[in-house]
Amino acid sequence: MVETTTGGEPDDGAAEVLDRPLPDGVRRRVVQIVSDGFGGLTVAELPVQLRQYARFAPNRRAKFAGNAMAAALETDPLFRQRIAEKLREAQSELTGALDSGSPPPAADPLDVAAAAYVLRPPGWVKLVTAAGEEALRADAERADEETRAELDRLREELAEARGQTRTETERLRTELESAKKEAESLHRKLRGALSDVKRGEAAVRKLRGEMESVRGEGQAHVSAAESEARRLKARLSEVEATLEATRRAAREGRSVEDMRVRLLLDTVLDAAQGLRRELALPPVSVRPAETVDAVEPGRMTPKDIAARALSENDPAILDQLLALPQAHLVVDGYNVTKTGYPQMPLEKQRLRLLGQLSQLAAQTGAEVTCVFDGAELAAPVLLAPPRGVRVLFSKPGVTADELIRQLVRAEPPGRPVIVVSTDREVADGVAKAGARPVASAVLLKRFSRG
């Protein structure tokens, strides 16, 4: 490839051609030279493909138009000549040295090669090639130094790691020995505990045997006492018969028989007193008249108790329900807010209700779940639930009523579940599932009470 100057005269360096790609370092410096000289040219002086970058800053121009500027510099001699003029103005000393054929020894080889590539003095290909080789040697030396430094660092890290490994090994060996000793101690304690358990089991078996023996003796005593009671009853019957005969004899005036009957009666009375002491029966505390069901003066009848029942609209009934053990309050959120304060935006309705429910949860200690209908939302709600209140939104295609019924069905049978909603369908459904429905107005009254 042969290039010519603007005057039509062959350029001394135009006949020289690079037989290899432009080194990366030289190319970057060439693009920077073109970018710096770019701003001093008018739009008409720029090649057509570069005019769109005329208003770019130098650094941004070098970043986005680097390939285009390098191609234009190579293919457009006039553009290269204009850039060369700008370079001579900016770096007169370097360009003058290149034009004289003696580049300054202290100059950066990449700067020299880039300037030579733009100016194209005689021997510029050698300068570019030498700069590329110098850059490669510098990169190789730098890479070698970095590799040696990395190798030294890795050796140091390896030595450090080996030291740490030895230290960690010693520590683990010490811990293992300690663990073995502790395990042996625990084994000894376990054997002692097993021995204690066996002794305890033997003592329990002994106590059970003694208990069975005492129970048997007690049953024997009870059987003997029952037999003695039956014998005494029979004897008492005999005595009563004898007494009746004595009475008849007394009426007939037989005094000897009276003495014999009195003696026998005293014997029976003494035997009865002995039987009372033997049986140790407690004194009678309940009289037969007290077993008859009736209303005593000052006591409440069932009719009085029914008259004291709370109304369905009394907020005190909610307090009674929440006082039950492990009570769970499930609230139909929008049903309550649209009953109490429908004029407020939905977001403020939710915040007001959740704040009131948080206070109620703190007062009662009950579990509280508030359900909102997800169909009302245009986007996910960013909401931090207050303390003590679980906040749920129904999924797409699922209503809040169905979510409430799912919550009720999830609870175990027998747990007190209170559902707050004015929706009759919801109330009937949860009532069939075992929950207690409460109207939204009752909850609002409870909030207003504080």
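Here the residue index of a chain counts from 1 through its sequence in written order. Predicted model: local features are reported for residues with pLDDT of at least 70 only, side-chain atom pairs are reported and counted for 80 or more only, and whole-chain, interface and lining totals are derived from all residues. Side-chain figures throughout are based on the complete set of non-hydrogen atoms in the structure, without hydrogens or water.

Caption draft 1: Molecular detail of the nonpolar core. Residues grouped as a nonpolar core are buried Ala, Val, Leu, Ile, Met, Phe, Trp, Tyr and Cys residues, joined through side-chain atoms within 4.5 Å. Only protein chains enter the area calculation, which uses a 1.4 Å probe; residues under 20% of their type maximum are buried, those over 50% are exposed, and those in between are partly exposed. Among the nonpolar cores identified, the biggest contains 35 residues, and V26, V30, L73, F79, I83 and V118 are the most heavily contacted of them. For this core, the elements supplying multiple residues, two or more each, are α1 (24-38), α3 (66-75), α4 (77-90), α5 (92-99), α6 (109-119) and α7 (124-251). Numbering of helices and strands starts at the N terminus; helices are DSSP runs of H or I of at least 4 residues and strands are runs of E of at least 2. For this core, the element with the highest residue contribution is α6, accounting for 9 residues. Contacts are assigned to residue pairs with any non-hydrogen atoms lying within 4.5 Å of each other. The contacts of V30, once residues within four sequence positions are left out, are L22, L73, A114, Y117 and V118. Within the second largest apolar cluster, 28 residues are counted, among which are I317, L318, V331 and V438.

Caption draft 2: A look at unusual backbone geometry. The backbone phi angle of Q326 is positive, close to 60°, even though this residue is not glycine. The residue Q326 is located in the loop between α10 (316-322) and β1 (328-332) in this model. Classification of Q326 by relative accessible area gives exposed; the value is 62%.

Caption draft 3: Representation of the sheet that holds strand β5 (residues 436-438) within the structure. Taken together, the 5 strands give an open sheet; going across it, the order is β3-β2-β1-β4-β5, and neighbouring strands pair in parallel fashion. Single-partner strands in this sheet number two, and they are β3 (389-393) and β5. With strand direction ignored, the average angle separating the axes of adjacent strands in the sheet is 20°. Paired strands, in this sense, are two strands between which DSSP finds at least two bridges. Relative to strand β4 (residues 417-420), β1 runs parallel, the two being bridged by 4 bridges. Within β4, the position partnered with V331 by the bridge is V420. Here helix α11 (residues 333-340) sits on the sheet in contact with β1, β2 (367-372), β3 and β4, set at roughly 60° to β1. Lines fitted to C-alpha atoms define the axes here, with helix axes fitted over just the stretch in contact, and angles between the N-to-C directions of these axes take values from 0 to 180 degrees.

Caption draft 4: Structural context of α1. The terminal C-alpha atoms of α1, which comprises 15 residues, lie 21 Å apart, in line with the 21 Å expected from a rise of 1.5 Å per residue. Along α1, the residues that are buried comprise G25, V26, V30, V31, I33, V34, S35, G37 and F38. Here the expected length of a helix is defined as 1.5 Å per residue gap, with one fewer gap than residues.

Caption draft 5: Inspection of the pairing of β4 at higher detail. What you see with β4 is no split at all: V417 and V419 on one side and I418 and V420 on the other are buried throughout. Relative to β5, β4 is paired through 3 bridges, and the arrangement is parallel. Among the inter-strand pairings, V420 is bridged to a residue of β5, identified as V438.

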